[in-house]
Protein chains: 2
Amino acid sequence: MDSTDQLILRELSRNGRMTMKELGEKVHLTGQATAARVLKLEEAGIIDGYTIRVSKEKLGYIVHAFVTAIMHEPRHQKFLDELDRRQDTVSRYFKTSGEGCYLIECHFPTHQELDDFLNDISEFASYKVTIAIQQYGQ
Amino acid sequence: MDSTDQLILRELSRNGRMTMKELGEKVHLTGQATAARVLKLEEAGIIDGYTIRVSKEKLGYIVHAFVTAIMHEPRHQKFLDELDRRQDTVSRYFKTSGEGCYLIECHFPTHQELDDFLNDISEFASYKVTIAIQQYGQ
DNA sequence: TCAATTCCTTTCATTAATCAAGTGAAAACG
DNA sequence: CGTTTTCACTTGATTAATGAAAGGAATTGA
């Protein structure tokens, strides 16, 4: 991990579909040398994969919420199954220490759907909801 | 946005560097037809860009924290500047309604660095810290 | 019924990725 | 100190993907 590798990570973060030739020009290497470095970063697990940023807003999911769940019971599996079943709304979730047991990042088309979600999980957990009004970074 | 477009989004989320030919095979179209659909999704802003997943852990940032900031004063600019200055640790932050004013997702090499960060922001805000122990999804 | 439009395929030229050598500099070792 | 190994890179040849153009089928609307 030298400064060239850091630059590669920064450029690929900005455009992960850049050609190796183009990326090579940015870091002053040939496409072949650049591809070799990228392969190493992949093999080291530093580059964990390539994705797209999907605009949830453009897809009509305009409610962006973070739900902190505080579990009622020690058995969490049915709760986690519910989260996995809702892949359309639940984009990521974390087991946490601190306030709650889980922090769930989710997107909904309307507040009604958020309400439905909260009703569903209230079987397993109490919750606190934080609504994201504006996102910065990334 | 038909089912083919949805499949395209799913496949590109899994591998954003897939060739159009390969993606076309997944969605039963030629590479050219697939590329045309992808271009439309880009122009509609649904595909907001291409990125890499960078493993913060592999880079030595093993502490993953969500910091809820409750501002002392109405002027937030100096606080936001501080967050922007810390691009190495602050990956995203949100203006929120709910518990706090801002929710900050950040990564640190050690708890010491987290402590330094908290000391820095305590000038502007009180805070609550939630540590992510395990991530699911994405 | 007849354009106009959309969405796709096919074909071909262009461009990029990949593979195989080959070079040079630094590191490892007798 | 000299030799060899290793590493990161470049160059050149081959293979694959992309982009542009042309054309065909299905859909829409006057």
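Residues numbered from 1 in each chain as written. Chains lettered and ligands numbered in written order. Predicted model: local features only at pLDDT ≥ 70, side-chain atom pairs only at ≥ 80, totals over all residues. Heavy atoms only, no water.

**Q** Would you mind going over the protein's contact with DNA strand C with me for this structure?
**A** As a structural note, the neighbourhood of DNA strand C is formed by A:T19, A:M20, A:K21, A:Q32, B:L29, B:T30, B:Q32, B:A33, B:R37 and B:K40. What you see for DNA strand C is that sugar and phosphate hold 77% of its atoms within 4 Å of the protein. Side-chain polar atom of A:Q32 to a base oxygen of DNA strand C: 3.1 Å apart, as the coordinates give it. Within the residue set of the surface near DNA strand C, elements represented by two or more residues are α2 (20–27) of chain A together with α3 (31–43) of chain B. Per-element tally for the surface near DNA strand C: the top contributor is α3(B), with 4 residues. Within the surface near DNA strand C, the residues separate by chemical class into 3 nonpolar, 4 polar and 3 charged. (Near = heavy atom within 4 Å. Polar contact = N/O pair within 3.5 Å; in protein donor to acceptor, adjacent residues only side chain to side chain. Helix = DSSP H or I, 4+ residues; strand = E, 2+ residues; numbered from the N terminus. Nonpolar A, V, L, I, M, F, W, Y, C, P; charged D, E, K, R; others polar.)

**Q** Help me understand the protein's contact with DNA strand D in this model?
**A** Taken together, the residues surrounding DNA strand D are A:R17, A:L29, A:T30, A:Q32, A:A33, A:R37, A:K40, B:T19, B:M20, B:K21 and B:Q32. Sugar and phosphate atoms form 70% of the subset of DNA strand D atoms that lie within 4 Å of the protein. A:T30 is positioned such that a nitrogen or oxygen atom in its side chain is 2.6 Å from a phosphate oxygen of DNA strand D. Within the contact set of DNA strand D, a phosphate oxygen lies 2.9 Å away from a side-chain nitrogen or oxygen of A:R37. Looking at the surface near DNA strand D, the elements that each hand over two or more residues are α3 (31–43) of chain A together with α2 (20–27) of chain B. Ranked by residues supplied to the surface near DNA strand D, first place goes to α3(A) with 4 residues.

**Q** Help me understand unusual backbone geometry in this model?
**A** Most peptide bonds are trans, and most residues other than glycine sit at a negative phi. In this structure, A:H28 is a non-glycine residue whose phi angle is positive, near 60°. Under the relative-accessibility criterion, A:H28 is labelled exposed at 71%. (Buried < 20%, exposed > 50% of the residue type's maximum accessible area, 1.4 Å probe, protein only.)

**Q** I tried to follow the packing of aromatic side chains on my own but got confused; where do I start?
**A** In this description, an aromatic ring pair is defined by two values, namely the gap between the centres and the angle between the planes. Applying the stated criterion across every chain, the model contains 10 aromatic pairs over all chains. The interplanar angle of 15° and the centroid separation of 4.7 Å between the aromatic rings of A:Y93 and B:Y136 together place this pair among those described as stacked. In this pair, A:Y93 sits in strand β3 (residues 90–97) while B:Y136 sits in strand β5 (residues 125–136), so the two residues belong to two different chains. The structure contains a cluster of three or more aromatic residues connected by ring pairs, namely A:F79, A:Y102 and A:F124. (Phe/Tyr/Trp six-rings, centres within 6.5 Å; stacked < 30°, edge-to-face > 60°.)

**Q** Before we go on, may I ask you to explain the interface of chain A and chain B in this structure?
**A** By a widely used convention, the size of an interface equals the accessible area lost when the partners come together. On the side of chain B, 49 residues touch chain A, which itself brings 50 residues to the contact. For the pair chain A and chain B, the two sides together bury roughly 4600 Å², of which 57% comes from carbon and sulfur. It is A:R17, A:I52 and A:Y136 that lose the most area in chain A upon contact with chain B, and together they represent 17% of the buried surface on that side. Remark: the boundary between chain A and chain B carries 2 salt bridges. The shortest N-O distance in the salt bridge between A:E105 and B:R92 comes to 2.8 Å. Across the contact surface, chain A and chain B share 23 residue pairs in polar contact (both at pLDDT 80 or more). Looking at the side of chain A that touches chain B, the element that brings in the most residues is strand β5 (residues 125–136) of chain A, giving 9 residues. Here the residues of the side of chain A that touches chain B sort into 22 nonpolar, 18 polar and 10 charged. Inspection of the sheet shows strand β1 (residues 47–54) of chain A paired to strand β1 (residues 47–54) of chain B by 7 bridges, in the antiparallel sense. Opposite A:R53, over in β1(B), you have B:G49 as the bridge partner. (Contact = heavy atoms within 4.5 Å. Buried area = accessible area lost by both parts, 1.4 Å probe. Salt bridge = Lys/Arg side-chain N within 4 Å of Asp/Glu carboxyl O. Pairing = 2+ DSSP bridges.)

**Q** Where do I start with the nonpolar core in this structure?
**A** Within soluble globular proteins, side chains that are nonpolar generally end up buried alongside one another. By size, the foremost hydrophobic cluster in this structure holds 21 residues, and its most contacted members are A:F79, A:L83, A:Y102, A:I104, A:C106 and A:F117. For this core, the elements supplying multiple residues, two or more each, are β2 (63–71), α4 (77–85), β3, β4 (102–108), α5 (111–121) and β5 of chain A. By size, the runner-up hydrophobic cluster in this structure holds 20 residues, among which are B:V63, B:F79, B:V90 and B:Y102. (Core = buried A, V, L, I, M, F, W, Y, C linked by side-chain atoms within 4.5 Å.)

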